[in-house]
Every structure is written in C-alpha cells, then in structure tokens.
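# Understanding the architecture of this molecule
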Amino acid sequence: MKEQLRKPFFILLLLFSISSWAQEKEVSGTVVDENQIPLPGVNVRVKNLNVGTVTDFDGNFRLSTPDNSDAILVFSSVGFQTQEINTGDKVTFDVSMAVDRESLDEVVVTSFGIEREKKALGYAVQEISSEEVLEGNQQNVVSGLQGKVSGVTIGNSGGAPGSSSVILIRGGTSITGDNQPLFVVDGIPIDNSTGSSLTVASVNRAADLNPEDIESISVLKGPAAAALYGIQAAEGAVIITTKKGKAGSSTISYSGSFSVDEVLGTPNVQQQYGQGTQILSTGGFSYETESPFSWGPEVSSGTQTYDHIDDFYQTAITQNHNVSYSGGTEKGTMYLSIGDLSQDGVIDATSYDKTSFKINTSSQVNDKLTIGASANYIVSEIASTKQGNASGSSYSSLLSYPVNIDIRDYYNEDGSQRMFYNDQRFDNPYWSAENSPNDNKVNRLLGIVNVSYDFLNNFNISYKIGTDYFREFSKRIIGTGSLIENRDEGYISQYERENRRTTSNLIISYDKDITEDFSIDALVGNMVEDLKVHTVYTYGDGFQAPGIYSIGNVSQENQSITEIVRRRRAVGVFGEVKFGWKDALFLNFTGRNDWSSTLPKEDRSFFYPSIGTSAVLTDLLSQGGNDITSDNGLSFLKLRATWAQVGKDAPIGALESFLGTNINSLASSAYTYNGVDIGNPELEPEFTNSYEIGFDSRFFQNRVGLDMSFYYSKSENQILEDIRVPPSAGTFYATLNGGSIENKGIEALLTARIFPRENDFQWDMTYNLGINQSDVIDLPGQLDEVYLSDSWTFGNTAAGAAILGGSLFGLRGYKAVRNDAGELIIGADGLPELETVIFDDVNRLPDWTLGITNTFSYKKFNFTFLLDLVQGQEAYNATKSAFSYYGLAEETLGRSTDGTRVVEGVTANGSPNTVEVTDQQYFQQYWSQNAENFIEDASYARLRYVTLSYDLPTDFLAKLKIVSAQLSVTGRNLFTITDYSGVDPEVNTYGAGIQGAGSMGIDNLGTPNTRGFDVGLRFKF
C-alpha cells in the first residue's frame, strides 16, 4: 500500500518540479540605434539558453524567458556593440544600441563603391565617417579631411569665400600634370578641377558637394589601392558614399549653423615714414612726394596714419541650413535633402553662396533585382576680388597707398575716382569692390542610374551610368572710370564653359565558398568615359554706356571671341580575383587595360597589373592551436603587402601643334603654326610602380590599434607640358616624355579608447602620422629644373619648381652673387648683382604631418579637438617681399639719416664698393628681389578646431515629438605656433589651379586664412 502511494507521490512531485522550472514570462520591447531609429534584424536571445528571436521591421521583439530575476537578454547585431540586460521583474524593454566603431572598420568601401572586408585588403585604406567629416564645420569636403588621414597633405588657399583646397596623397607623381587624387561619388568619378586662380580665388569642384549628404569617405592611398580605376587614379582615390534612405522608419532632420569669421591677422606696417620716392642726383638727395611708395620723409607729429591692410578686412557672417528626409520600406527607400550656404567674405562685396538639392532612391523589385537612381543639383556663385600679381589686385593696391593717405577718400565731387598723386595707374581697392565685380556662377548636375541583378546563385551583374554636367559662367569687370592704363572706359573678360563627363560601368562578379576553408571572389568589368568641354571666351574693351557691364555694351570692333572644344574618350576593361583561405589568408590579383584618345594610335592601349596579399596572423595561429591573443595583450594582427603599376595618358590636345589666324600683320587668314606651342605625336603613356607593406594590430580588447604602412613608388617616362627648349628646336615650348619622380614614406594610424565602453566618461584618441619625400631623380636632356610660370611671385622673384636631385616641390629664383670669400659682388650701379638659381635644399611639402584628435564624452556632453602639426616645410614669403618693395615692411625702418647708403661688397675687379645708392634703391632693386631673404621655415602646430556639444534630454524632447537634438559650439583655427614671419604658414595663394609643382608654400598677396566661431543646432523628428 505504501509502495503504491509512494509512486504517484513522486510522479506528482516531479510534475510540480517541472512546472516550477517551466514557469515563464513573456517579455517584449523595441530596439533602436543612437538616433532612435528602429533596428530590424537584431538578434535577441536568453543568455545560456537556446531561446531567442530577431526584431521585426519596426525594431520590435517578443519572446518567452524563465520567470526569474536572473534571466539575461543578449542583444547583438553586426556593426553595433553587444548589450546584456538583466530582466529582473521587468517585461518591457526599450533598448538603444551603440555603434561598434571597431566592428564597422572591418568593412570599407573600395573601388567602384564595392564593400570589402578590410582584413582581406593588401593595401592601406582609411575610412572617415560622416560625423568626422562634419567636425570642424568646414564647408569644403577636402578641407574637412585635414589632419584626419595619415599620409594626406591638404593646403588651403586662403580665406577668400569659396577658395580651393589642394589634396595630395603620398606626395606627387607628376612634374607638370595633376597631382590630386580621383574623386568618386557612389561609384562614379566626378570632376574636382579648379579654374585658373591667378587672378581671383577659384573653388575646387569637389566643394560643390554638401558635407551633410555624405555617409562616409574612404581614402584609397596610391596606385595599389586604386589600380582598378586606371589612368585616373595614379594619385589614389577619394571614394565618397552618400546617404541613402533607411527602411523601417521615416525621419526628418535639420542641421544649421551660424558662423562669425575674421582674418588670422595682417602683417605689421611701419607707421614712421610716409608718401614719397627717394631721389639721388648730382644735386644731392631729395624726395618726390607724387608717389605710390612709402619712401618719403618721416610723418610729422600729429599727422594721422592708417593701417590700410588691417582696416580693409571685416568680420564675415556665414549661415548654413540643411533639411533632409530619410525613409522607406522593405521594397524601397528614399533620401531627400536641401542645403543652403550663404557666406560673406572678410572683404566687402565678396561672398560664396551654394544651394544643393539631392535625391537618392532604391527599389527592391524582387529577391534578385534592385534598381536605384540619384540626382544632385547644385547652384553656386562666388563674388571675389583680384589677388596676387593680377592687375587691379586688392592687396597690391593697398600697398600702393602710403600710411599718411586716407584710402577711404576715393571719390571726387563729380563722382569720378580720386587720384592721390598725379599719374596714378591703379584703382583704389574700395572703388574696385564697388565698380569692378568678379563673379562666377555654376549650375551642376550629378546623376546616377544603377541596376543590380543576382543570378545563378553566386553571380551578380551590375550596371551603372552617371553624368557629371556643369555649366560655368565667369565674368570679370574693370569698371568705367578705372585708373588702370588703357582701361578708363572699362573692360570685360568672361567665359562660358559647358563641361560634360559621362561614365558607364558594367561589372560581373562572382562570390563562392568553394570549400569550408577556401573561397574565391572575382569580377570583370568595362568602363567607358566620355569627356567634352566646350568653352567660349569673350573680351571687350570699353563700355559704350557707363555702368552697364555686358559684352553687348561693347562695340563690335572692340570685341574678341575665342572658342575651344576639348574632347577625350577612355575605354577600360579590368578584372580582379581574390582567393581566401580560412578567412585569414588572402591573395589578390587585378589587371586593367586602357585605351585613351589623347595618345597616338600605336601607344593608345596599355596594360597594368597589381598583386597583393594579406594574412591575419592571429586567426591563422589560433586555427592552428596557437592562440597568441589575450584580453590584456594582442587582440588582432594582420600583415599585408602589395605591388601595383598604373599608367597615365597625355593631356587633351598634346599631340597636335597649336594653330591660329592672323599671327602678325603679314600673315594670311589661313590657320598657321604660331611658333610657340608645338605638339608631340610621339608621346607615350607614363607609368608608376608602387610597392607597399604594412600591418594592422590591435591590443587590449581592440581598445588600442596601430596601423602602419611603408611605401615606395617611382613614376617614369613623365609627360612634361610646356617645357622650355632651345630656339634651335623651332619653338620655345614643347611637350615631351622624360623624367622620373620617386616617393617614399611611412604612414601610421594610432587609435586608443582609454576607458571601457561601459563607463559614463569616455576618452578616444586618434593620431594620424604621415612622412613623405618626393624627389626628382631624372629630367630629360640638360634640364636641371622644371618650373611653371603660373607660380611666379611678386616681382618675378621666385617660382615653384621641380628640382633635379631635389624636391618635386622646390623653388627657383634670384640669389645674390658672391665671390669665393662670400663677399657680395656689386655692380656699376652700386647694388649687389643677382642671378637665377635653383634652391635644391628647399622643400615646400612637409617632411611629416601629425593630426591629433581627442574626443571626451560624459553622458550627454561631448568635447572634441584637432591639433594639426606640420613640420619641415619651407615657404616663400613674397608678400613680405612686396612690403619691402613699397617701403611698408618693418625691415625698412633702419633708413639712413640722409637716405643713402654704400652697400658693403666688392666690385668685379675685387675693389671695395664706393658707389652710393638710396635706401629705396637698395630695398627695391636688391633686397626685395633676393629670394634668399624670403625663404622661411613654415613649420607649425595649429589647433584646427574645438567643439563642445550637448545632447538634449530625450524626456524633454519626447514632449516636443523630437527624436534627438544637439546644440554645439565650435572654434576654428584658434591658435597657431610657428616661427614663420608671415600671417599664416599654411599658404597656397594660387590654390589647386596650378598643377605639378604647384603653389604650395607660396605666400603671394592672397587673402589671409580666417579664424571663426560657430553655433550649431541639429535635430530629428
């Protein structure tokens, strides 16, 4: 009986126990990202149990968990930090997942917008997120990369609105050609050219892009990374991915900023001596007061003096507003944006206005077919003043007004321009700002259509066609009433340019895991690019009706018109094969063949390959049973190596000689060779061979990372444009092959996250180091230097040059002649003799750069700053040379009592010099002309920006139905530490408009850079 009762009892006890353990509760919730956007597809599971689910399209989840307080929910998703939450007694959860930066870095965008695992790449790629691009509130996308990418040098061309920025990756490979990288937007190359900036500041076309529309930027460094792009990417590539709509939610975002800017400073102007020219004759020393120079007598006590340079610049205001919409469903997404930038210049009547409209759509027709389209329409307009050596340059006009002359008194009673001395032949800069406008307007369309289709399980075919079309209209005026010689009735110079670049890409790709350990990725493709540039230049001398600045207001006999059509077509076929073993060892081959219409038929086709490998040692050793990783040591280690070759074609029209009509009064009206620009039908492509090795390592659970690259490249058989040749050749200039450039350097990216992510206080650091040397190791014939005349400085005292045996970014100019004893050789006029020399020890590119970014965050506060160190570069201070010439430099204060001096030195026969000259002659004809006096160390350390932001509380925002909001304050260029005597060591007066050796490090009467403060607001709802 007891046995019979015991059995049912144990059964009941067992059932009770099972029911007790099986008691469950149902939990639910929503998972969102940092911007409160729902996240579909997030894995939600109960820790240590085989229980889980995934979030739905709206980020919602629901599952059953054990009914006890020890149950832990684990939330995980690719690209986000895994979270663990103790359920306790709660049944509803709202989870916000933070982005895992280390995880996201594992996938980067490469050639043609293709995403690749970073560990599989054999070359260096650095990706910049949208947040990093926007830091510092730079309006030019190129400037937004400054100090953030190792091995990349960026030079701003001053503080004029819309001025260009130059970007160089690993130095330069071309002596006279373009040294800037290819820019690619959503897989389609775009134009980043810059118009000639010798007369006015010109913008680089990448600045047309709205930074707010950018999702990420990948910088492909050098030929190895950009081998598939061919002739366009010998200098590397900047791959820009724009924002797209996100499925699952609809959000409207706004960002706006209000900025105040002023120039960094102005040169010191001596206030002791006033208007006048020094005269030394047989009758003695005297002054001529009718003069634009400041070589007159001392300003009498009580006379008002002016600092014309400092007074000329004003405080500038900028407003920037952006509104965007993002939304979609599983079948299609859409992104729309409108951006408006309105920037006043630090010079009156200058401005930069840009309005952009963007739409990006994608539609999933079925499981295999996806189609998409995007369009970006931009309207920009720049109003500027003339700069540098240009006739009517604002800066040179300012120098022509002595300190005792009131420059603002520039109108006579009859409304004509006032002259402050007889025979004045330049305009007052304030009068020019009112009466001689310089305007440039561009309407641009970037359009892309793409189709992608998956077939046969592992194959995909994609086709993309895009156009980059813009129409540019530029007008430069000298107003009626000008004092410039032969321009009193006014002058107009304008051009209208139509630029169309159409690119077609067809790619077939294959992705297959052949075995459990072995995988293969392959693609073949075709690229066709067609470029047409149609430009009409119009000039007119003398307006018939004053104040109407139109070519129609110029008589027909005083008009001239030039029309130029430039065309280029390039066709390429390319392929890539990547082998992977155990997802840890990779071998990659690429090959491309191009045909270019700018080369002779027999040399039009050329092929170039690349080979690269990478090995994730930590994974390989771990799979072999030798795990070398630890939480307190090494987390990840990858080695990589790549060799690549890339070619470059000739400039448009370099094969044919330039023909013209009516060369002289005796010429016929037929087309005739002009005797200057001769074509070369025997041109060959130039090639660059590049070698690179590197490693990527991470430590302490990925909290510290070090990525280093060591590279070497040699560019041979250079295509040199407009090279001066002996007159016996029958011409003065020629385009020919010859010359080699060698680049070698080191890049390092160090990242550190000081505290674990769980801490309320966070401190992240990033160090970007670049060391580069660009040397000219060979030039054709007897050439020992190649210079570009467009880079001539004030007084033609110096110019940027590529120096044989020296730097690609060297200098040539005047230097004093000395004997073996080091004594100055004095000419018969009593002044030291000058000779043209090359300065083979001058390098206008930095020896090394270091960008240090620090980000501190505590709860809802964030503080970020960028310190930019640029060391080992020289600059040529032609602005200081001009100040000396006009008698305004502080160096000219040491004048003789009687205004004369005898320069210490010897004549040609070795006897001491005894010829007397004036101080003015000494400074104008010798001191200001001697380039040695103005070559300076331009190394600097600059606090590029500081930003403090605050995320408004979500509880408060919920009442306003706002998802997120942030307030920010930014200071830009707050301080600079440098020994450079000019206003700003970061100088590049002519900007990106000069190719080859360029104008990096040349300070030549340009608008100084600015410092400013911004107040910003952004929110989403």
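Everything numeric here is computed off the predicted structure, so don't read it as measured data. (Residues numbered from 1 in each chain as written. Predicted model: local features only at pLDDT ≥ 70, side-chain atom pairs only at ≥ 80, totals over all residues. Heavy atoms only, no water.)

Scanning the protein from N- to C-terminus turns up 11 helices and 55 strands. The C-alpha extent of the protein, read off along each of the three principal axes, is 150 × 70 × 65 Å. Looking at the 1021 residues of the protein, the share that counts as buried comes to 53%. For the protein, restricting intrachain contacts to residue pairs at least 6 apart in sequence, the fraction spanning at least 24 positions comes to 69%. For the protein, the exposed surface amounts to about 44,200 Å²; the carbon and sulfur share of it is 53%. The distance from the centre of the 75 positive side-chain charges to the centre of the 127 negative ones in the protein is 9 Å. (Helix = DSSP H or I, 4+ residues; strand = E, 2+ residues; numbered from the N terminus. Buried < 20%, exposed > 50% of the residue type's maximum accessible area, 1.4 Å probe, protein only. Contact = heavy atoms within 4.5 Å. Areas by Shrake-Rupley, 256 points an atom, 1.4 Å probe, with all protein chains shown as cover. Lys, Arg positive; Asp, Glu negative; His and termini not counted. Charge placed at Lys NZ, Arg CZ, Asp CG, Glu CD.)

Before going further, it helps to examine the sheet that holds strand 7 (residues 92–96). A sheet is described by the order of its strands in space; here three strands give the open sequence 4-1-7, paired in mixed fashion. Both edges of this open sheet fall to strand 4 (60–66) and strand 7, since each of them pairs with a single strand only. Ignoring strand direction, the axes of neighbouring strands in this sheet form an average angle of 30 degrees. In this sheet, strand 4 lies alongside strand 1 (residues 24–32) in antiparallel orientation, the contact comprising seven bridges. (Pairing = 2+ DSSP bridges. Axes fitted to C-alpha atoms, helices over the stretch in contact; angles between N-to-C directions.)

Bringing the nonpolar core into the picture now. Judged by nonpolar contacts, the single largest core of 39 residues is most densely connected at Ile-309, Tyr-313, Tyr-395, Leu-399, Phe-883 and Leu-888. Elements that contribute at least two residues to this core include exactly helix 5 (308–312), helix 6 (394–399), helix 7 (429–435), helix 9 (878–886) and helix 10 (919–925). Sequence-distant contacts of Tyr-395, defined by excluding residues within four places in its chain, comprise Pro-267, Ile-309, Tyr-313, Thr-879, Phe-883, Leu-1005 and Gly-1006. (Core = buried A, V, L, I, M, F, W, Y, C linked by side-chain atoms within 4.5 Å.)

A grouping of Val-449, Tyr-453, Ile-461, Tyr-463, Ile-465, Leu-506, Ile-508 and Val-524 is seen on the molecular surface, where their side chains present a nonpolar patch of about 600 Å² in accessible area. Broken down by secondary-structure element, the contributors of at least two residues to the nonpolar patch are strand 24 (438–455), strand 25 (459–478) and strand 26 (491–513). The leading source of residues in the nonpolar patch is strand 25, at three residues. Inspection of the secondary structure assignment puts Val-449 in strand 24. (Patch = residues over 30% accessible without salt bridge, like charges linked within 9 Å, V, L, I, M, F, W, Y side chains within 5 Å. Salt bridge = Lys/Arg side-chain N within 4 Å of Asp/Glu carboxyl O.)

Along the chain, the position of Ser-791 falls in the loop between strand 41 (785–787) and strand 42 (798–803). Given a relative accessible area of 1%, Ser-791 falls into the buried group. Apart from the residues lying within four places of it in its own chain, the contact partners of Ser-791 are Ala-798, Ala-799, Gly-800, Tyr-990, Ile-994, Gly-998 and Ile-1002. Of the polar contacts made by the side chain of Ser-791, one reaches the backbone oxygen of Leu-788; its length is 2.8 Å. (Polar contact = N/O pair within 3.5 Å; in protein donor to acceptor, adjacent residues only side chain to side chain.)

Side-chain pairing between opposite charges can occur once the charged atoms of the two side chains come close. On inspection of all chains with the given rule, the structure shows 41 salt bridges. For the salt bridge of Asp-541 with Arg-487, the shortest nitrogen-to-oxygen distance reads 3.7 Å. A residue pair is termed long-range when its members are at least 10 positions apart, and Asp-541 in strand 27 (residues 518–541) and Arg-487 in the loop between strand 25 and strand 26 qualify at 54 residues. A cluster of three or more residues bridged by salt bridges with shared partners is formed by Arg-170, Lys-221, Arg-640, Glu-692, Asp-707 and Glu-747.

Sheet architecture is open: three strands sit in the order 50-47-54, paired in mixed fashion. Edge positions in the sheet fall to strand 50 (935–937) and strand 54 (1002–1003), since each of these pairs with one other strand and no more. Bridge count for strand 47 (residues 874–877) against strand 50 is three bridges, and the pairing is antiparallel. Looking at strand 50, one finds that Glu-874 is bridged to Asp-937. Here helix 9 sits on the sheet and contacts strand 47, strand 50 and strand 54; the angle it forms with strand 47, its principal contact strand, is near 25 degrees.

The buried fraction of strand 43 (residues 810–816) amounts to five of the seven residues, a majority that puts the element mostly inside the structure. Examined bridge by bridge, strand 42 and strand 43 share four bridges and lie antiparallel to one another. Bridge pairing links Ala-801 to Gly-810 in strand 43. Where strand 42 hands over to strand 43, the hairpin turn is made up of six residues, of which Gly-805 adopts a positive phi near 80 degrees. Bridge count for strand 43 against strand 44 (residues 834–839) is six bridges, and the pairing is antiparallel. Residue pairing across strands places Lys-815 opposite Glu-835, the latter belonging to strand 44.

Let us look at the side chain of Ser-253. Note that Ser-253 resides in strand 17 (residues 251–263). Contacts of Ser-253, omitting those with residues within four sequence positions, involve Asn-322, Val-323, Ser-324, Phe-1019 and Lys-1020.

Let us now look at unusual backbone geometry. Backbone geometry places Asn-486, a non-glycine residue, at a positive phi of 65 degrees. For Asn-486, the position within the fold is in the loop between strand 25 and strand 26. Judged by relative accessible area, Asn-486 falls into the exposed class, the value being 59%. Phi at Asn-796 is positive, roughly 55 degrees, even though this residue is not glycine. Here Asn-796 lies in the loop between strand 41 and strand 42.

Let us now look at the packing of aromatic side chains. Scanning all chains against the criterion turns up 42 aromatic pairs. Taken together, a centroid distance of 5.4 Å and an interplanar angle of 35 degrees make the contact between Tyr-254 and Phe-1019 tilted. Taken together, the residues Tyr-254 in strand 17 and Phe-1019 in strand 55 (residues 1010–1020) connect sequence positions 765 residues apart. Taking relative accessible area as the criterion, Phe-1019 reaches 22% and is therefore assigned partly exposed. When the ring of Phe-861 is compared with that of Tyr-950, the centres are 4.7 Å apart and the planes differ by 40 degrees; the resulting orientation is tilted. Highlighted residues: Phe-861 in strand 46 (residues 861–871) and Tyr-950 in strand 51 (residues 940–951), separated in sequence by 89 residues. Under the relative-accessibility criterion, Tyr-950 is labelled partly exposed at 27%. Among the aromatic residues, ring-to-ring pairing joins Phe-755, Phe-761, Trp-763, Phe-856, Phe-863 and Phe-865 into one connected group. For the cation-ring pair, Arg-170 lies above Tyr-711, with the distance from its terminal atom to the ring centre recorded as 4.3 Å. (Phe/Tyr/Trp six-rings, centres within 6.5 Å; stacked < 30°, edge-to-face > 60°. Lys NZ or Arg CZ within 6 Å of the ring centre and 35° of its normal.)

Turning our attention to a negative patch on the surface. Taken together, the side chains of Asp-340, Asp-344, Asp-353, Glu-381 and Asp-439 make up a negatively charged region of the molecular surface. Examined against the element boundaries, Asp-340 turns out to sit in strand 21 (residues 332–344). Residue Asp-340 is classed as partly exposed on the basis of its relative accessible area, which comes to 34%.

Take helix 9 next. Within helix 9, seven of the nine residues are buried, which leaves the element mostly enclosed by the surrounding structure. Within the sequence span of helix 9, burial applies to Ala-878, Thr-879, Ser-881, Ala-882, Phe-883, Ser-884 and Tyr-886. If you follow the buried residues of helix 9, they end up packed against helix 5, helix 6, strand 47, helix 10 and strand 54. Taken from the residues just after helix 9, Gly-887 is the one with a positive phi, measuring 85 degrees.

On to the pairing of strand 19 (residues 284–288), then. Here strand 18 (residues 277–281) runs beside strand 19; their pairing, made up of five bridges, is antiparallel. For Ser-281, the partnering residue across the bridge sits in strand 19 and is Gly-284. Between strand 18 and strand 19, which pair antiparallel and follow one another directly, the connecting turn spans two residues.

Our focus in this paragraph is the environment of Thr-242. Mapped onto the elements of the fold, Thr-242 is located in strand 16 (residues 237–242). Note: C-alpha distance between Thr-242 and Leu-209 (33 residues apart in sequence) is 9.9 Å. Leaving out residues up to four positions away in the same chain, Thr-242 has contacts with Val-185, Asp-186, Asp-213, Ile-214, Glu-215, Lys-358 and Asn-360.

Right, let's get into the environment of Gly-479. Here Gly-479 lies in the loop between strand 25 and strand 26. When the C-alpha atoms of Gly-479 and Thr-333 are compared, they prove to be 52 Å apart, with 146 residues separating the residues in sequence. Sequence-distant contacts of Gly-479, defined by excluding residues within four places in its chain, comprise Trp-431, Asn-435, Ser-436, Arg-487, Gly-490 and Tyr-549.

This part is about the confidence of the model for the protein. Residue-level pLDDT values for the protein average 90, and 94% of them are 70 or greater. Contacts from residues 664–668, a stretch scored under 50 in pLDDT, to residues over four places away or in other chains number two contacts. (pLDDT = per-residue confidence, 0-100.)

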